[in-house]
Amino acid sequence: MKWTFFSIFAENYKLMDKSDCLYTSYLSILKEELVPAMGCTEPICLAYAAAKAHEILGTMPKRVEIKASGNIIKNVKSVIVPNTKGMKGLKASVAAGIVAGNPKKALEVIAEVTPEQKKEIAEFLDNTLMTIVPLNVIAQLDVTVTLYNEEHSASVRIAGFHTNIVRMEKDDQVLFDSGYAESGATKLTDRSCLCMKSIYDFANTVDIEDLKPIIKPQIECNKAISQEGLKNSWGANIGSTILSFGTDVRIKARAWAAAGSDARMSGCEMPVIINSGSGNQGMTVSLPILAYAEEYNIDEERTIRAVALSNLVAIHQKTGIGRLSAYCGAVSAGCASGCGIAYLLGEPLSIIEHTLENALGMAAGIVCDGAKPSCAGKIALSVEAGILGYEMSKQGCNLLGGDGIIGKDVEETIDHIGCLGRLGMKETDVEILKIMVE
């Protein structure tokens, strides 16, 4: 039987109309977060800064200085930069941005690289002095790329989120300064309005025509790269390995999400629609829901609403954690996907909230040791936690407040996760970076 959106409401909800400030805020948050990116977003952030600095300098540089926070260094070190013939690292990212980057394309800055430019990127790396300076800064995401030629210099700093240019200079002249260094302010919509109850109300009552332009590209792009990851050999082939276990929907949900990461972490030149600055998280919040929608023949509208809810639940968690930390973002996304699956199958808010708590109680603590092929495995583990959390909740087998990090309700649990990721794992981050660099 084909399920439709209006046939499976399980409980009363608050109507959220277009005049409600939460309605406009939630749509703005989705528009800000669900943007296309080609390649892992940390290397692409560097390439974007480099492309913008090159635009300001106006000529090819003779020397390059790269300043980067620890989490940028960690996430760039081991992942392949697309359109570079398999190169990795900060220098390759910056070289690609300088030689072939189009700053107008933002996170798709190196999506259109010619074969000749790929050769030029390698030549630039061989012939240009490039230095890396680790930054000891509070910001988790902070990069400055400075280019020098014989007479001039140009510098671009990005901080806070991957496309947030906060300062531009040419020679000694400041061209733009947002004041970020002093205030820490960003241009993003305030995320403090997010809560599980309002996210559920929004998913139920938002005009589907407002959601389609945001969510459908995520569904289409992310499913395409997942299929590529299953069809061909990428990375450690974790997705296709999982799929060899069988055709159960739980297996497919994990395999589809992992396969997208297999391809993306290994340089696949296909775009994804991201979440919280991460393509892996964007795939993890969406692909498991698509597997369930296909299995149960659920209509497009309900699927779009479920994917929107999953995205917002992940963003809600990441607001307290921060964009980059030692806490693996796949956990937030995988647990959110369990909530999206529960919503898709017509479960009430209470089941959705317990799904998240159960999943976080089991999976919280997976560490982020940078972007690389093993991310696909962490995605699979996190999606499994989300699905198990849902199955537990459906049977009334829930973790209770006071069980480890579980709070008195779902919002307190999310707060605890934020403290764990943002504060508790600071030293973990330091040790991970030491291990990786040494």
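Residues numbered from 1 in each chain as written. Predicted model: local features only at pLDDT ≥ 70, side-chain atom pairs only at ≥ 80, totals over all residues. Heavy atoms only, no water.

J.: Teacher, can you tell me more about the overall build of the protein here?
T.: Secondary structure assignment for the protein yields 17 helices and eight strands. Scaling as 2.2 N^0.38, a compact globule of 438 residues should have a C-alpha radius of gyration of about 22 Å, and the protein matches this with 21 Å. Summarising its shape, the C-alpha atoms of the protein cover approximately 70 × 45 × 40 Å along the three principal directions. The burial tally for the protein puts 58% of its 438 residues in the buried class. Intrachain contacts of the protein at a sequence separation of at least 6 include 78% that bridge at least 24 residues. (Helix = DSSP H or I, 4+ residues; strand = E, 2+ residues; numbered from the N terminus. Rg over C-alpha atoms; globule rule 2.2 N^0.38 Å. Buried < 20%, exposed > 50% of the residue type's maximum accessible area, 1.4 Å probe, protein only. Contact = heavy atoms within 4.5 Å.)

J.: How should I be thinking about the pairing of strand β6 (residues 165-170) in this particular structure?
T.: Moving residue by residue along a regular strand, the side chains alternate between the two faces of the sheet. Relative to β6, strand β5 (residues 153-159) runs antiparallel, the two sharing five bridges. Bridged to Ile158 within β6 is Ile165. Once β5 ends, the chain turns through five residues before running back antiparallel as β6, passing Gly160 with a positive phi of about 95°. Pairing analysis gives four bridges linking β6 to strand β7 (residues 173-177), with the strands arranged antiparallel. (Pairing = 2+ DSSP bridges.)

J.: Would you explain helix α10 (residues 249-265) in this entry?
T.: Note that an α-helix has 3.6 residues per turn; residues three or four places apart therefore point the same way. With 17 residues, α10 ought to run about 24 Å at 1.5 Å a step, and its terminal C-alpha atoms sit 24 Å apart, in line with that. Sitting at the amino-terminal end of α10 is Asp248, which places a side-chain oxygen 2.8 Å from the backbone nitrogen of Arg250. Backbone geometry just downstream of α10 places Gly267 in the positive-phi region, at approximately 95°. (Expected span 1.5 Å × (residues − 1). Polar contact = N/O pair within 3.5 Å; in protein donor to acceptor, adjacent residues only side chain to side chain.)

J.: Help me understand the confidence of the model for the protein, please; the structure alone is not making it clear to me.
T.: If pLDDT is low for a region, its predicted coordinates should not be looked at in detail. Of all residues in the protein, 95% attain a pLDDT of 70 or more, and the chain-wide mean is 93. Residue range residues 1-10 is modelled with pLDDT below 50. Its contacts to residues more than four positions away, or to other chains, number 25 contacts. (pLDDT = per-residue confidence, 0-100.)

J.: Looking at this structure, I do not really get the environment of Ile321. What am I missing?
T.: Relative to the helices and strands, Ile321 resides in helix α12 (residues 300-321). Classification of Ile321 by relative accessible area gives buried; the value is 0%. Considered as a pair, Ile321 and Asp415 are 94 residues apart in the sequence and their alpha carbons are 8.9 Å apart. Setting aside residues no more than four positions away along its own chain, Ile321 makes contact with Gln140, Tyr327, Ser332, Ile417, Gly418, Gly421 and Arg422.

J.: Help me out: how do you make sense of the side chain of Ser325 in this one?
T.: Relative to the elements of secondary structure, Ser325 occurs in the loop between α12 and α13 (329-344). Take Ser325: its relative accessible area is 6%, and that puts it in the buried class. Reaching out from Ser325, the side chain makes a polar contact with the backbone nitrogen of Tyr327 at a distance of 2.9 Å. Ser325 has contacts with Asn71, Lys74, Gln140, Cys368, Gly421 and Asp429, leaving out every residue within four places of it along the chain.

J.: Would you explain the pattern of salt bridges in this entry?
T.: Close approach of charged atoms allows side chains with opposite charge to pair. This model, assessed by the stated rule, comprises 30 salt bridges. Residue Glu33 is joined to Arg323 by a salt bridge in which the shortest nitrogen-to-oxygen separation is 2.8 Å. Remark: Arg323 occurs in the loop between α12 and α13 and Glu33 occurs in helix α1 (residues 21-33); sequence separation between them is 290 residues. The partner of Lys212 in a salt bridge is Glu209, with the nearest N and O atoms 3.4 Å apart. Of the two residues, Lys212 and Glu209 are both situated in helix α8 (residues 208-231); the distance of three residues between them amounts to about one turn of the helix. Overall, the relative accessible area of 48% leaves Glu209 in the partly exposed class. (Salt bridge = Lys/Arg side-chain N within 4 Å of Asp/Glu carboxyl O.)

J.: How should unusual backbone geometry be read in this particular structure?
T.: For residues besides glycine, phi is generally negative; the peptide bonds are generally trans as well. Located in the positive-phi region is Asn83, a residue other than glycine, with phi close to 65°. Position of Asn83 relative to the elements: it lies in the loop between α3 (70-76) and α4 (90-100). Judged by its relative accessible area of 4%, Asn83 falls in the buried class.

J.: What am I meant to see in the side chain of Gln281 here?
T.: Here Gln281 is to be found in helix α11 (residues 279-295). Residues contacting Gln281, with those up to four places away along its chain left out, are Asn275, Ser276, Lys318, Gly329, Ala330 and Ala333.

J.: What's the story with the packing of helix α7 (residues 196-205) against α12 in this structure? I'm lost.
T.: The geometry of a pair of packed helices is captured by two quantities: the angle between their axes and the separation between those axes. Following both chains from N to C, one finds α7 and α12 inclined at 160°, their axes separated by 9 Å at the closest point. On the basis of the axis angle, α7 is roughly antiparallel to α12. Of the two possible hands of crossing, α7 and α12 adopt the one that is right-handed. Residues Met196, Ile199, Tyr200, Phe202, Ala203, Asn204 and Thr205 of α7 lie in contact with α12, whose contacting residues are Arg302, Arg305, Leu309, Leu312, Val313 and His316. Its residues assigned to classes, the contact of α7 with α12 comprises eight nonpolar, three polar and two charged. (Axes fitted to C-alpha atoms, helices over the stretch in contact; angles between N-to-C directions. Parallel < 35°, antiparallel > 145°, perpendicular 65-115°, else oblique. Left-handed = near helix turned anticlockwise from the far one by under 90°. Nonpolar A, V, L, I, M, F, W, Y, C, P; charged D, E, K, R; others polar.)

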